[in-house]
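Examining the three-dimensional arrangement
Each chain is listed here by its residues.
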Amino acid sequence: MTARPNVATELALLLLLSALWGASYTFIKLGVATIPPLTLIASRTLIAGLLLAAVIRVRGLAWPRDAATWRRFLLQACLNSVVPFTLIAWAEQAVDAGLATILNSTSPIFAFLLTALVTRHEAATMSKLVGVAAGLLGVCLLVGVEALHGLGEALWAQLAIVAATICYAGAAIYGRGFKGLDPMLPAAGSLLAGTAVLLPAALVVDRPWTLAPSAASLQALLALATISTALALVIYFRLVQTLGSVGATAQSYLRVPIGVAIGVLALGERLSPTAWLGLGCVVAGVIAMTLPARKTVTAPAS
C-alpha cells in the first residue's frame with residue numbers, strides 16, 4: 001500500500017520551488033554582469049543536465065536509445081531552454097529581474113492562446129478567457145508604457161522576454177508527447193540536447209577562455225544551474241506525482257511575488273506604479289488560468 005504524502009511537506013516543497021524559480025531571475029541578472037548570455041546559459045544547461053543525468057543513473061532509469069526520441073528532446077530543448085533561456089539572459093542586461101519575473105509568468109496565458117488557436121486539444125472556459133484578458137492587459141501595462149518612450153533597448157528586451165514566454169508555452173504543449181517516459185528523462189535529455197547546441201555557439205561567439213567573470217557572477221551561475229534548474233526540476237517532478245499537475249502549476253503565480261521580492265531585497269530594484277498594476281493583472285490572470293474548474297452538483301431525481 002502506497003503511503004499518502006504529507007500535505008504540509010508537499011506545500012512546503014511547493015513554496016520552495018516557487019522561491020527557487022523566482023530567484024533564477026536574480027541569479028541571471030548577477031550572472032550576465034560579467035558573463036555573456038550565451039556562455040551563461042550554455043554553462044547552466046550543461047551543469048544542470050549532468051546533475052540530472054547523475055540522478056537518473058542513481059535511480060536506475062534507462063535512457064531512450066532511438067533517434068526519434070532524441071530528435072524530440074532537441075526540439076523540446078529549443079522551446080524550453082536554448083531560445084528562452086538565452087533571450088531572458090540577454091534581456092536582463094537591460095531589464096530588472098523583478099520585471100522579467102512578471103513578464104515570464106504569463107506562459108499559461110500564451111499556452112491557452114496557442115491551444116485555442118492552433119492545437120485545440122482543450123476546451124476554452126470562461127475563467128480561462130477572463131484570465132487571458134487580465135494577463136494580456138498586464139503585459140500591455142508593463143510593456144506598452146515603455147513603447148511611449150520610443151523603440152529603445154528596454155522595450156526590445158521586454159519583448160524578448162515575452163517571446164521567451166511564448167516559447168515556454170509551446171514547450172508545455174509539445175511536452176505532452178512525453179507521457180510514456182519518466183518525466184526526469186525529457187528534462188535531462190532536453191537540457192543535454194540544448195547544451196549540444198549552446199556550447200559550440202558560446203565557444204565561437206564568446207570565446208569563454210578570454211573572459212574574466214567576477215566571483216559574484218560565478219556564484220550566481222552555480223546557484224542558477226544547481227538550485228534553480230536541477231534541484232527545482234527534481235522537486236517539480238515530485239510535486240507532479242504528489243499534488244498533481246494542477247496543484248504543481250500553483251508555482252506559476254507564487255513565484256511572481258517571490259521573484260519580485262528577491263529582486264527588491266537583493267538588487268535594490270523598484271517597480272513603477274504601472275508595473276505594480278500590471279503585476280496585479282498578470283497574477284489574477286494566471287490564477288484564473290490555472291485554478292481547476294468547479295464541479296457542478298446535480299440534484300438526485302425525486
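Now for a look at the structure at hand. Predicted model, so just to flag it, every value in this text is computed and none were measured. (Residues numbered from 1 in each chain as written. Predicted model: local features only at pLDDT ≥ 70, side-chain atom pairs only at ≥ 80, totals over all residues. Heavy atoms only, no water.)

Some remarks on the overall build of the protein
For clarity, the threshold we go by: Secondary structure elements follow DSSP: runs of H or I no shorter than four residues count as helices, runs of E no shorter than two count as strands, and numbering proceeds from the N terminus. Each residue is assigned to one of three classes by its accessible area relative to the maximum for its type, calculated with a 1.4 Å probe on protein chains only: buried under 20%, partly exposed between the two thresholds, exposed over 50%. Residue contacts follow a heavy-atom distance rule, with two residues in contact if any of their heavy atoms lie within 4.5 Å. Each accessible area value is a Shrake-Rupley result obtained with a 1.4 Å probe; residue values ignore everything except the protein chains displayed when judging cover.
Secondary structure assignment for the protein yields 12 helices and zero strands. Going from N to C terminus, the protein has its helices and strands arranged as α-α-α-α-α-α-α-α-α-α-α-α. Buried residues in the protein amount to 45% of all 302 residues. A separation threshold of at least 6 residues defines the contact pool for the protein, and within that pool the share at least 24 residues apart is 89%. For the protein, the exposed surface amounts to about 14,900 Å²; the carbon and sulfur share of it is 68%.

Some points on the nonpolar core
Inclusion rule: Within this scheme, the nonpolar core is defined by two criteria: the residues are buried Ala, Val, Leu, Ile, Met, Phe, Trp, Tyr or Cys, and they are joined through side-chain atoms within 4.5 Å.
Residues Ile 28, Leu 40, Leu 52 and Leu 233 are the most contacted members of the largest nonpolar core, which totals 55 residues. Of all the secondary structure elements, the ones that give two or more residues to this core are α1 (7-31), α2 (37-59), α3 (67-91), α4 (97-104), α7 (153-174), α8 (184-205) and α9 (215-242). By residue number, the principal contributor to this core is α9, which donates 10 residues. Those residues in contact with Leu 40, other than ones at most four positions away along the chain, are Ile 28, Gly 31, Val 32, Ile 35, Ala 89 and Leu 221.

Concerning α3
The test is simple: To estimate how far a helix should reach, multiply one less than its number of residues by 1.5 Å. Fitting one axis to the seven residues ending at a residue and another to the seven starting there, the bend at that residue is the angle between the two axes.
Compared with the 36 Å implied by 1.5 Å per residue over 25 residues, the 34 Å span of α3 between its first and last C-alpha is a close match. Approximately 50° is the largest bend angle found in α3, and it occurs at Cys 78.

Concerning the packing of aromatic side chains
To keep it simple, the criterion reads: Ring geometry is summarised as follows: Phe, Tyr and Trp rings, the Trp one being its six-membered ring, pair when their centres sit within 6.5 Å, and such pairs are stacked at plane angles under 30 degrees, edge-to-face over 60 and tilted between the two. Look at NZ for Lys and CZ for Arg. If either is within 6 Å of the ring centre and within 35 degrees of the ring normal, a charge sits over the ring.
Per the stated rule, a full pass over the model turns up two aromatic pairs. A centroid spacing of 5.7 Å and a plane angle of 25° characterise the contact between Trp 63 and Trp 70, whose relative ring orientation is stacked. Look at Trp 63 and you get partly exposed, because its relative accessible area is 29%. Taking relative accessible area as the criterion, Trp 70 reaches 29% and is therefore assigned partly exposed. Every member of this aromatic cluster is reached through a ring pair, and the members are Trp 63, Trp 70 and Phe 73. Just above the ring of Phe 85 sits the side chain of Arg 44; from NZ or CZ to the centre is 3.8 Å.

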